[in-house]
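# Fold and contact review
Spelled out, the chains give:
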Amino acid sequence: MIHRRLLQVTTLILSLIIFVLPLQAASKVTIWAWANDEVIRQGQPF
Amino acid sequence: MSWYQEENSGVEFDVAHISGDQRVFLERLYVAMAASAAPDFTWLDGGHVKQLAAQALLEDVTEVLRGMNFTPGEEQEVTYRGRLYAAPYHATSRGLVKRVDVFGEAGVDPHADPVFDDLVTWNQKLSKFAPDGTYTRIGFAPWFGNWDARGWIWTFGGDLVIESEGRFIPVATMKNNLEAFEWIDEWARRYNRTKAPVPGGASFDTGTLAMTIASTSNAANYIRSEIEFTTSPVPHPPQGRRITWGGGYVVGVPSGAVNKTEALKLLVFFASPRVQARRWTEFQSLLPANWDAIRMVASRLDRAYEPLLDQLPYAVPRAPMDGEWYRALRQSEDLMVAGTLTPQEALERAQLVMSARFEEVFGK
């Protein structure tokens, strides 16, 4: 019974990793900003 | 970015700050694009957009920006074949600035707008000499300030590139361009073929240069330094036209962006009047490029900006490959001022350099 519960929990964790991580990656935006931009020099990107 | 995250929780950014000048930034972007490692969203100099668009390296963002009103020069710079390929984020305007203290000392009205020939007569009145005859102050020289050879070329009614059915043709040797260079050459003769007639340098900031062409960004610095100045449109010869040129930073989405959907939302965010107005309110250095944002902040602008803002409708967009035009024309101008090249030879040199580059980048 304990082994079965352990298997269920492991499966749940793996499922979360498989499904959630790509979703998190999808919401990440890679950005290039020019370091010499006056506004950036004042401490704010863009 | 934090402003965007305030309204869009769950979005994360991976921001790379790219150092170097604008040309280095562009080169690095080209390398990243070639390696399929371009960012989803990027800062760009507006003068680089047309060449990237012609090479299909930027996403068409016309539809997401529909309904927004940008300053005309900045909008033209990001337009290729009638479509927008970036969002203008910052606008610049340029005009003739005059130091009130120096004009007062020389008995010239700083509030008057000069006609073209006044540049010479006012220069005579505003110049000062040491006992040995060297200049301690000059009124004006066309190579000082933030206008450059390309500014004078447009002022004389000339151009650098013509666009025909999406193709770009360099035209550095056209007649009006030659007249502009001949006029600059006259100033070089006036100053005995040196670009530095005042020993130690002539500068508007220190009052050793009475009038020059300055941008809205320069004006912000003068205001901070408490230099009292007035502004006029840049005077033009009869064959020329009233112009200003601006150009600023834009934001764009490289083709093939992995997170294109979020990147386009970010682009609309940065293009919006409220964000551009908020940025001006918090930093007060770079003018918005969105007309509605300019209207939102207009009442808080220093009065010295008014004549510069009046110039915006006359803005000429910079030519494709603007950074390279700047260098080619600057080198040609230097050689002409020194007397090494005639105005015609100087322009032929620039045409040769830029024709080769245009072929390389855009094909024959």
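This write-up is about the structure you can find in this document. Predicted, not measured: the structure shown is a model, and the values here were computed from it.

Another point: the overall build of chain A. Within chain A, the regular secondary structure consists of two helices and one strand. Along chain A, helices (α) and strands (β) appear in the sequence α-β-α when read from the amino end. Buried residues in chain A amount to 26% of all 46 residues. Accessible surface computed for chain A: about 3,400 Å², of which carbon and sulfur atoms make up 71%.

Let's shift gears to the side chain of Ser127 of chain B. Residues and elements named next belong to chain B. Within the secondary structure, Ser127 sits in the loop between α6 (118-126) and β7 (128-129). For Ser127, a relative accessible area of 12% gives the class buried. Reaching out from Ser127, the side chain makes a polar contact with the backbone oxygen of Asn123 at a distance of 2.7 Å. Excluding residues within four positions of it along the chain, Ser127 makes contact with Tyr135, Arg137, Ile138 and Gly139.

Before going further, it helps to spend a moment on helix α9 (residues 216-224) of chain B. Residue and element names in this part refer to chain B. When we look at burial in α9, the residues that qualify are Thr216, Ala219, Ala220 and Tyr222. Projection of α9 onto a plane perpendicular to its axis shows the buried side chains occupying an angular sector of 165 degrees, all on one side. Packed against the buried residues of α9 are β6 (94-99), β11 (211-215), β12 (229-232) and α13 (306-310). Taken from the residues just after α9, Glu226 is the one with a positive phi, measuring 60 degrees.

Once that is clear, we can look at the packing of aromatic side chains. Residue and element names in this part refer to chain B. Summed over all chains, the structure comprises 32 aromatic pairs over all chains. Ring geometry for Tyr4 against Phe269: centres 5.1 Å apart, planes inclined by 80 degrees, an arrangement best described as edge-to-face. Of this pair, Tyr4 sits in helix α1 (residues 2-7) while Phe269 sits in helix α10 (residues 260-271), and the two are 265 residues apart along the sequence. The structure contains a cluster of three or more aromatic residues connected by ring pairs, namely Phe116, Phe129, Tyr135, Phe140, Trp143, Trp147, Trp152, Phe156, Trp183, Trp187 and Tyr191. Here the guanidinium or amino end of Arg94 rests over the ring plane of Trp245, the centre of that ring lying 3.6 Å away. The ring of Tyr89 is capped by Arg279, whose NZ or CZ atom sits 4.3 Å from the centre of that ring.

What counts and how
- Positions within a chain are numbered from 1, following the residues in the order the chain's sequence is written.
- Written order determines the labels here, with chains lettered from A and ligands numbered from 1.
- The predicted nature of this model means local features are confined to residues of pLDDT at least 70 and side-chain atom pairs, given and counted, to a pLDDT of 80 or more, with totals for whole chains, interfaces and linings taken over all residues.
- Hydrogens and water molecules were not included; the side-chain quantities draw on all heavy atoms of the structure.
- Strands here mean DSSP runs of E at least two residues long; helices mean DSSP runs of H or I at least four residues long; both are numbered from the N terminus.
- Relative accessible area decides the class of each residue, using a 1.4 Å probe on protein chains only: under 20% of the type maximum gives buried, over 50% gives exposed, and in between gives partly exposed.
- Only the protein chains shown count as cover for residues, and the accessible areas themselves come from Shrake-Rupley with a 1.4 Å probe.
- Within 3.5 Å is the distance limit for a polar contact, defined as a pair of N or O atoms, with the added protein rule that one can donate a hydrogen and the other accept it, and that residues adjacent in sequence qualify only through two side-chain atoms.
- When checking whether two residues touch, look at their non-hydrogen atoms; a contact exists if any pair is within 4.5 Å.
- Working note: the arc is built from the helix axis to C-beta atom directions.
- Whether two aromatic rings pair depends on their centres lying within 6.5 Å, for rings of Phe, Tyr and Trp, where Trp uses its six-membered ring; planes under 30 degrees apart make the pair stacked, over 60 edge-to-face, and the rest tilted.
- Geometrically, a lysine NZ or arginine CZ counts as sitting over a ring once it is within 6 Å of the ring centre and also within 35 degrees of the ring normal.

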